[in-house]
Every structure is written in structure tokens, then in C-alpha cells.
Amino acid sequence: MRLSEAPIGSKVVVKLLDEAEITPKLRAIGILPGVSIYVVKSAPMGDPRMYKVFNKIISLRQSEASLIEVDLLQESTIPLSYAIPGEYIVKGINGGFGIRKWLEKLGITEGSKITLLNDRRVQTMSGIHDIGFGKLSKISVVSSAAEKVGADK
Amino acid sequence: MVITVGLIGNPNVGKTSLFNKLVGARQYVANWPGVTVTRIEGATSFKDYTLHIVDLPGTYSLAATSIDEKVARDYLLYSPPNVTVVVIDSMSPEQGIFLLLEAFELGLNVIAVFNAIDEAKRSGIKIDKSSLEKFLRVPVVLTSAHTGEGIDELKEKIVASFKKSTRPLMIDYGKETEDKIREIEEYVEETFNKRFTAIKIVEGDKYARAFLKKDCPNDVLESIPQEIRTSIPLTKYEYITNAVQLSIQRVDETLTVTEALDHVLTHKYIGIPIFLSLMYLAFNFTFKVSEPLVGLLEFFFERIADFVGSETIISSLISQGIINGVGSVLAFVPSIFTLFFALGIMEESGYLPRIAFLVDKLMYSLRLTGRSFMTLLLGFGCNVSTVMAARGLADERERVTTILVSPFVSCSARIPVYLLIVSIAFPNHKAEAFFAIYALSLLLTALSSRIVNKVILKGQSVPLVMELPRYRFPKLSNVLTYVWNRGKHFLEKAGTIIFAASIVIWALTYFPGRGDVDNSFVSMLGKFLQPLFAPLGFSWQIVSALIFGGVAKEVIVSSLSQFYGNTSNIHFDPVIGATLMTFILGYMPCFGTLAAIKSETNSSKYTLFAIFYSLGISYMLSMVVYTIGRWII
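This structure is a prediction, so every number in the text was calculated from the model and none was measured. (Residues numbered from 1 in each chain as written. Chains lettered and ligands numbered in written order. Predicted model: local features only at pLDDT ≥ 70, side-chain atom pairs only at ≥ 80, totals over all residues.)

**Q** Outline the pairing of strand E1 (residues 2–9) of chain B, listing residues and values.
**A** Residues and elements named next belong to chain B. For E1, the buried fraction is high: six of the eight residues fall into the buried class. Sheet topology places E1 next to strand E4 (residues 83–89); five bridges connect them, and they run parallel. By the bridge assignment, Leu7 is partnered in E4 with Val85. (Buried ≥ 20, exposed ≤ 12 C-beta atoms within 10 Å, placed from the backbone. Helix = DSSP H or I, 4+ residues; strand = E, 2+ residues; numbered from the N terminus. Pairing = 2+ DSSP bridges.)

In C-alpha cells, the structure reads:
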């Protein structure tokens, strides 16, 4: 995955950088293989985006961010639409009252445990639901495996 | 004994504040990266020594990617100071320590300064100084340019390390990389530190290649695999991470003030509306606060002029030429200072780079970057500053574009002219008219940059990597320094160029009719050229004033007030007012700006372009405003 594709709120670790004129500068500010980066937020129209590298907030355009190959860290909070099938814990819902109410009926609220199935449907306590991509992207989740590790600490 | 001291560090870590504290100077420090584009020097005495301190532009590494970074690097390469102080941000030290490690490789005599220690303490970060000294093997000083903590200790350490230089740490990059470095070292010319140059070449710095011997075979360079290239910064950062982990105790990440503010101020949808509202508030504030003072000053100057009278040549020269001419401009000083006060708060708080972040996408479509947007914003003070500050832009094409469009950013010299027109033509909508002209100024700048890029400079957009500094609470003394540094230029001009121009205009108004304006050289000139401006509806007085305004825009105010006797005799309808403001916004860069454009681009072609393009576009635009205005009213 490229850094430009990493969802907002996620934590990634840098794998490698493509060579371009700007690459030495990216390395100098600390964007190097093995370094973890937090995707903070995006400007209007999705470009540029803010990233947290070590303790500095850096603004990068999508064109530069796409030079950077990254891996999503397991413990990062991501929109459900980006998630691979598996067990997740709901961390938050980015939406208004209506959406919250509608999802609550399906058994999806903050803290609830859900499973993303291979066919992109969601299994909750109340059954299996087809939610649709738009609403999936409003649900931010964290992998339940990562959550357990956090709890053990 | 003189000790030369170089200050380097990442952008916006407080080098200039530290410099001010060290030498007691008053350099203005903006809360955004790239304030220092050339080096600033100052001296202070300490014990038996004179410390000659050089503040260098901020940089992340000693590779040079823009002119200002090159200033920093070339200074360190060609005239290494006795002591180099690397300024590191205590709150985010990693990137600063990286620069420190590079300075070691250059063989410099280094002191590490961890600045903003007061902020670090407040947020609960604990820094173990002796542990850092052990890891970095150089003297470490914890300072705060804000409170003055550690400044004396820094001076002590500078003297101490001048007497006895330290042997800094050398990083070992592992066998493969070290072999490559040694191989390239063979081909590096005998200039300065060979290892440094070789390391830079391995990293892929194209400037460093200039120091290779002519007989260097090409395949030595071509065959550097990416692992080796990356191993250099990677080894440094591994060392840094380890050192930081063991020496600096950080608190758990909670929502900081900066994050909370950013959530609103750089919001996807409401970020830009907030920016526009803040600008509107700033203008409103300016009018509300300064209006009574401006009125008082105008009244005061008019009274003196009346008192002197204008019966003889001498009394007319004094009352009309000097008091009325210069006074009509000086009366607007309170407005200018209040506007800068409002803008100073925005800049000081760290909000400006956020604006750059918000509008970057827009700037991108104009082939500029958010960085050049900030450079252009400097032009609200004086366009000459933009032209000079454009040195900080990495890309030559972007630099020239920024220089050429800079005159469209409405500088402070135009403020008195707008204020005069606004109070005559739009007495009930002053702030709105002001907001409109500034919005138009931004639009015209954007449009021009598009045209410049289409017509004379063709090319790709440049990358933008920009740091967004922490927000900080504006400190009154800093805001006042900002106001003074921006505003004093205006006062200087009033005493020199505007004073001289007022006397010349007085002479042209007084003769040959002996005080009868309708029968003077000015009226002849104005009436002769007036047909050219008939499509814009300008009177001959306006035409003459515009001609004199080419020297400096404020002169328009003093000309008009002389032609009409004083400012209260001038009347325009709103359409003429709007047309005139539009025309003045762009019609020609003043002499000072033209001289700066000439010297910074080193090209008469660009200078001529700046004159004729701006005349053409503002003429057309004013004609549109006039035609539509007449059609409505």
C-alpha cells in the first residue's frame, strides 16, 4: 500500500521509498524504512495530508506520499471499508444521529465486537447484515487481535 | 578575541529567537518555516571575548535543495565558524539530532542546544542532559528563548568549546556502506572534509557530485544500490531513536491543544470559511480601532495647514506641499499599524502554515505551492519582501513566478489610497469594500500566476514538504516587534520618497498659474492624458495622481489631496471609486519593487513584463468594473 492510500487515522510503517528528486529530503525528515507514521488528516479536496513523523507534523501532497510504500499496522484504527475480513472492535462512528441510530439497530455501537465476512457483509450479535460501502467507511474499527495485546499490557 | 558562532537547525525551532536573546537584537520571528532566507549576523561580548553570531536559514539536512538551504550549507563548508550551535526542538528532537549528526560528519566543532525547554517541561517531558551528552559526545545545553533559561550557560559553553574543541562521534554505517564511502572518497577532490562529501554522494546529493575528480568512472556512481543509499540516514535514525528513548521521557499521547485547534481550523469543510471570516474580522477590527485616530490626525493636519495659510510661495509650499502632502499619508499610520497588529497575531500563533495547508490544492492547480503562498502573504507588508523571500523557494520556475505575480498582493502602501477612496465612495460599507479589494487582490494574483505559467514559464509543479509548527499563544512583545518591523518602512518612506514627491507635485501644481490648480503643469499633463482613461471615467486629477503614484503608491493620496486642496474636498461616486481601486490594485509595481525584481531575476525581460502586463490587466479589469458599474447604476 502507498502512503497516499493509507486511511486517515491509521498508523503505518514505511517499507521503502521510490527514488525521486525529493527522496533525500523525505529521508532527512525521518521518512525511512521501519519508521512508523500516523496519518493525521487531509486538507479540503483530500490533498495534501498531514502526517506525524516522530513528533513533527508534516504536510505532504498525495504525489509525494505515493512515492512511499507502507504497511498498515495492526493496532491502527481504520475505516471498516479498508479492513480485511476478520474480527474487529468498533472504535467510533463518524456520522450523524440518523446513521448512529440505524447502525445501533443492527448491533453496531462503540465497543461492540463485529466480524467482517469474505463477502464484505458484517456479522454482529443480531445477525448478518449487508451495510454497503458508504456506511462501512463511517465505522472506524481496530483489529480485535491488536486490542487483546493492548489489554494484556 | 573574536569567536564566530554559526546557528543551524530545522526550520521553526527558534534559531532567530535564540539569536535575539544572545545578541539582544530585534529580528522578527515568524511562527512559520523559512523566515530567515539569508544569514543574519550580530555580535555580543562575553567575558574577554566577542561572540560573532551568524543565524542561518533552517534546514533538515546539509544537502541543499533550495537557495536558503544552500546559504546554510555553503557557509558551513566554505567559512566554518569556530563553534557551530545546532538548535534542536525539545518537543520533537529526532529531526534536529539528525542534522547534528550531519554536522559531526562535516568535522565542525559542535554544541547541541535543546530549545523550547519551557514548553517541554510544561507538557511533562523529562530530558536527561547527561545521558544525551553521553550519547552525542558534545556539550548539551537546555535553553528557552522564551524565558531566557540557559542562555548564559550557552555562552559559557561556546567559549569553553572554542578553547578546547570536542572530538565528536562518528557513526559506523556497516561494512558494505563504509567500503562504498571509502571507494568514492578516492575520487573526491582535496577541498574540505572528504568523508562528508563521499557520504553525501552515496546518499544521492547531486550538488555534492561537483566535488568529484574529472577522472571518476561513471559506474562507481551508477552502481550504488538502494540499501546502501538508505543505510546512511537509517543508521543515523536508529542511533537517534535509541538515544532519545534512553534520555528523554515522554508523556502518554493525549489530545494536545494543537491537535484540538487543528481539528477546527484545518477542517475539511469549514476550514476555508473560517479563514475568510478571520480576515474579515481583521479588517473590521482595523477600521473600528483606528478610525477615530485617523480622523483626529486628519483634522490636526488640516488645522496646521489652515494656520500656515497659502498666500505666498513659501507658505503654500509648507501648507500645501509638505503638511497636506505628507500629512494626508501620515494620517493613515494608525490604520496600517492596527492591520499589522491583527495580521501579526495570526502569524505569531502559527495559523499561517495552516492556511498554506488548506489552499495547497488550489495553489497546485496554479503550479505554485503552499510555501509560495506564505511568501506571497509577506507582500501584504511590502512587495519587496516577497521578492526577496522568494529565495527560499526550491524551484527556480516557482521562484520567478512568485516574484512576477507578487505586485498584485496588495501591499501596505496601497492601504492609505484604499482608505481614502473607501471613505469617499463607500462611507457605509468600509470593511466590506476593503474585504472585496483584498479578495480581488488574491484572485488577480492567482490568475496572473496561471497566465505567467502558461505564457512565459512552462513546467511541472514542484513538490511540497512542509512542517506545520505547534500553535503558540501570541506574545505581545513579539507582535509589537512584528508591527514595528513591518510598519517602520512606511514611516521611513513618508520621510523620504513621499516627502520629496510631495514637493515636486507641489511645484507642478503651483506653477505656472501661481496656485491656480486648473492652470498648472499638473492639469496640462492630466488633461493631455485624460482621453486615454476616458473609458474608465477618470478625471484629470485622478490621471495625474496615478502617474505620480508610479513612484510609490502612497503618493496618490498626497497628489489628490494637493490637487483638491485637502482630502475633504474630494468626491467620487461608488462606480469611480470601485474602478479606481481596481486600477490601483494592479496598475504598476512601484519603483522599489521594480528594482527588486530586476536584481532578483537579473533580467530586463521579466522587469518589462512586470510593468506592461500589470498595466494591461488592470486597465482591462477596471474597464469591466466601470462598464458593469455604470450599467447597474
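**Q** I'd like a description of the interface of chain A and chain B, backed by residues and values.
**A** Counting residues at the interface gives 29 residues for chain A and 30 residues for chain B. Of all the elements in the fold, those that place two or more residues in the side of chain A that touches chain B are helix H1 (23–28), strand E2 (36–42), strand E4 (56–60) and helix H2 (62–65) of chain A. Partitioned by chemical class, the residues of the side of chain A that touches chain B number 17 nonpolar, five polar and seven charged. Pairing geometry for E4(A) and strand E9 (residues 465–468) of chain B, over four bridges, is antiparallel. Looking at E9(B), one finds that Leu60(A) is bridged to Val465(B). (Contact = placed C-beta atoms within 7 Å. Nonpolar A, V, L, I, M, F, W, Y, C, P; charged D, E, K, R; others polar.)

**Q** Now, about the sheet that holds strand E9 (residues 122–124) of chain A: what can you tell me, with residues and values included?
**A** All names here are of chain A. Strands sit in the order E6-E11-E7-E8-E9-E10 across an open sheet of six strands; the sheet is antiparallel. With partners counted over all chains shown, the strands left at the sheet margins are strand E6 (78–79) and strand E10 (127–129), one partner each. In this structure, E9 lies alongside E10, joined through three bridges in antiparallel fashion. If you follow Val122 over to E10, its bridge partner there is His129.

**Q** Lay out unusual backbone geometry with the relevant residues and their values.
**A** Cis geometry is found at the peptide bond from Asp47(A) to Pro48(A), where omega equals -5 degrees. Locating Pro48(A) in the fold gives a position in the loop between E2 and strand E3 (49–53). Despite not being glycine, Asn12(B) shows a phi value in the positive range, around 60 degrees. Structurally, the position occupied by Asn12(B) is in the loop between E1 and helix H1 (15–23).

**Q** Account for helix H23 (residues 521–529) of chain B, naming residues and giving values.
**A** Residue and element names in this part refer to chain B. Here H23 has its buried residues at Val522, Ser523 and Gly526. Projected down its long axis, H23 carries its buried residues within an arc of 90 degrees, all on one side. Elements that come into contact with the buried residues of H23 comprise helix H22 (497–510), helix H24 (540–549) and helix H25 (555–563). (Arc of directions from axis to C-beta.)

**Q** Could you give an account of the domain arrangement of chain A, naming the residues involved and the relevant values?
**A** Residue and element names in this part refer to chain A. With domains assigned, chain A is organised as domain 1 (3–72) and domain 2 (78–152). Contact with domain 1, which involves four residues of that partner, is made by four residues of domain 2. A breakdown of the residues in the side of domain 1 that touches domain 2 according to their chemical character gives two nonpolar, two polar and no charged. (Domains from an automatic or database assignment.)

**Q** Got a sec to walk through the sheet that holds E1(B)? Specific residues and values, please.
**A** All names here are of chain B. Across the sheet, which stays open at both edges, the six strands sit in the order E2-E3-E1-E4-E5-E7 with mixed pairing between neighbours. Each end of this open sheet is capped by a strand with a single partner; those strands are strand E2 (40–46) and strand E7 (140–142). Here the average twist between neighbouring strands, direction ignored, is 25 degrees. Two strands pair when backbone bridges link them, and E2 and strand E3 (residues 49–55) are joined in this way by seven bridges, in the antiparallel orientation. (Axes fitted to C-alpha atoms, helices over the stretch in contact; angles between N-to-C directions.)

**Q** Residue-level account of the domain arrangement of chain B, with values.
**A** When its domains are assigned, chain B resolves into domain 1 (2–163), domain 2 (175–249) and domain 3 (271–460 + 478–632). For domain 1 of chain B versus domain 3 of chain B, the separation of C-alpha centres amounts to 39 Å.

**Q** Describe the packing of helix H13 (residues 313–330) of chain B against H25(B), listing the residues and the values that go with them.
**A** The angle between the axes and the distance between the axes are what describe a pair of packed helices. Residues and elements named next belong to chain B. Remark: H13 packs on H25, axes separated minimally by 8 Å, with the N-to-C direction vectors making an angle of 130 degrees. Regarding the angle of H13 to H25, the classification is oblique. As H13 packs across H25, the resulting crossing turns out to be right-handed. Where H13 abuts H25, its residues Gln320, Asn324, Gly325, Val326, Ser328 and Val329 lie against Val557, Ser558, Ser561 and Gln562. Split by residue class, the contact of H13 with H25 holds three nonpolar, seven polar and no charged. (Parallel < 35°, antiparallel > 145°, perpendicular 65-115°, else oblique. Left-handed = near helix turned anticlockwise from the far one by under 90°.)

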